[in-house]
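Chain by chain, the residues:
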Amino acid sequence: PEMLGFSPAQQIWDLSGDIAFARLVPFHPRYTYYHWSYRCYVAQTMDGQVPVTPGDGTWVLHAPHGSHRGWMRGSVWPVAPWWLARAYALRDWARYSERHGMPIIKALTPAAGDPSEMDAFGAAVASLGQESAIQLPQGVDKQYSYDVDFLEASDQGWQSFKEFIATCSTEETLAIMSQNLTTEIKEGSMAAARVHGDVRQTKVEAKARAWEHTINQQMARPFAEMNFGDPDLAVEAVWDVTPPEDLKMMSECAQALGNAFNQMRLAGIKLSDPRKFAKQFGVDLGEVEHVEPVQVAAKIAQEGGDANVTEDHT
């Protein structure tokens, strides 16, 4: 469904036991087409053309963007031209590299040499097994000289192939993943990572909601109807797509927050509610207990006092 925008499957029921179970058999999309008059997909089966009716207990059609023109939002459409252009660019780059990797041999012959000798020399050079050889008569100042040289290309046209292929790869990645964090962002930019992470998370959540709806309406409800006679007893499948917490980032934030508390204390600033201040930065301090600083506690211990005595600063 990610590439085409829809994915059909057949439900094959097993009625041999006390509970009826359905087994999904994927149906290849190449044997389906959209019937504009009936506004539904039609499957071309061995028994003829059959309408694909989602939720009837026979077919499951996962179409996240809807069945009517939902295929226009599939990734295959925006990927196709870039994939084709990338394939052509790879072919052209390979032919370019082949030409530049095997330079043309220049057979240098005298301007006034013997024709039979020059023909023999040119044939000998051409038979070396290289791609091609050309015979170039020299000027009159070298009328008795024979030589062999290479005609090599020295331009930087290969860079255009590299940039174009990279652009095609980026467009394909954006069409499928909706972000290119892992392929393009090289620097450790927190803002870029957050933006791309939000885009990816939004896409994951949308996929989860689409699958939850498809499973509930087209699989769970027919199962409940078949076994219990009431489709409203169908369960709802829910995926937990909450992104995992970045523990390293949280620890660094807590460390920076502790340094901020220390600096404010040295500057003579006292927070009335440290927990409220910490929550602004996503850090939950829990229950806060005010104790003496380490230096003060060490001094009290040296004087014979109790270093564990707490002081109420509130």
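Everything numeric here is computed off the predicted structure, so don't read it as measured data.

What counts, and where the lines are drawn
Residues numbered from 1 in each chain as written. Predicted model: local features only at pLDDT ≥ 70, side-chain atom pairs only at ≥ 80, totals over all residues. Heavy atoms only, no water. Pairing = 2+ DSSP bridges. Helix = DSSP H or I, 4+ residues; strand = E, 2+ residues; numbered from the N terminus. Axes fitted to C-alpha atoms, helices over the stretch in contact; angles between N-to-C directions. Core = buried A, V, L, I, M, F, W, Y, C linked by side-chain atoms within 4.5 Å. Buried < 20%, exposed > 50% of the residue type's maximum accessible area, 1.4 Å probe, protein only. Salt bridge = Lys/Arg side-chain N within 4 Å of Asp/Glu carboxyl O. Phe/Tyr/Trp six-rings, centres within 6.5 Å; stacked < 30°, edge-to-face > 60°.

Q: Is there a simple way to explain the sheet that holds strand β2 (residues 21-26) in this structure?
A: Hydrogen bonds between backbone atoms are what pair the strands of a sheet, whose relative direction is either parallel or antiparallel. What the 3 strands build is an open sheet, ordered β2-β1-β6; its pairing is antiparallel. Lying at the two open borders of the sheet, with one neighbouring strand each, are β2 and β6 (59-62). Taken pair by pair, the neighbouring strands of this sheet meet at an average axis angle of 30 degrees, ignoring direction. Bridge count for strand β1 (residues 7-14) against β6 is 4 bridges, and the pairing is antiparallel. Looking at β6, one finds that Gln10 is bridged to Trp59.

Q: What am I meant to see in the nonpolar core here?
A: For soluble globular proteins, the rule of thumb is that nonpolar side chains tend to be buried together. In terms of nonpolar packing, the biggest core is built from 10 residues, these being Phe6, Phe27, Tyr34, Tyr41, Ala43, Val52, Trp59, Leu61, Ala63 and Trp71. Those elements giving two or more residues to this core turn out to be β4 (40-45) and β6.

Q: Looking at this model, I keep getting lost on the pattern of salt bridges. Mind explaining?
A: Charged atoms that come close allow side chains of opposite charge to pair. Per the counting criterion, the structure on display carries 2 salt bridges. Here Arg91 ties to Asp92 by a salt bridge, and the two come within 2.9 Å at their closest N and O atoms. Residue Arg221 pairs with Asp232 through a salt bridge whose shortest N-O separation is 3.3 Å. Residue Arg221 is located in helix α5 (residues 190-228), and its partner Asp232 is located in the loop between α5 and α6 (247-266); the two are separated by 11 residues in the primary sequence. Accessibility expressed as a relative area gives 26% for Arg221, which makes it partly exposed.

Q: Please explain the packing of aromatic side chains as it appears in this structure.
A: Under the definition given, this model contains 12 aromatic pairs. Aromatic side chains Phe27 and Trp59 sit 5.4 Å apart centroid to centroid with 80 degrees between the ring planes, which places their arrangement in the edge-to-face category. On the criterion of sequence distance, the pair formed by Phe27 in the loop between β2 and β3 (32-35) and Trp59 in strand β6 is long-range, its members being 32 residues apart. As far as burial versus exposure is concerned, Phe27 and Trp59 are alike and both buried. With 6.3 Å between their ring centres and 75 degrees between their planes, Tyr41 and Trp71 make a pair best called edge-to-face. Taken together, the positions of Tyr41 in strand β4 and Trp71 in the loop between β6 and α1 (76-101) put the pair 30 residues apart, joining distant regions of the chain. Judged by its relative accessible area of 3%, Tyr41 falls in the buried class. Taking the relative accessible area as the measure of exposure, Trp71 reaches 14% and is therefore buried. Connected via pairs of aromatic rings, a cluster forms that spans Phe6, Tyr34, Trp36, Tyr41 and Trp71.

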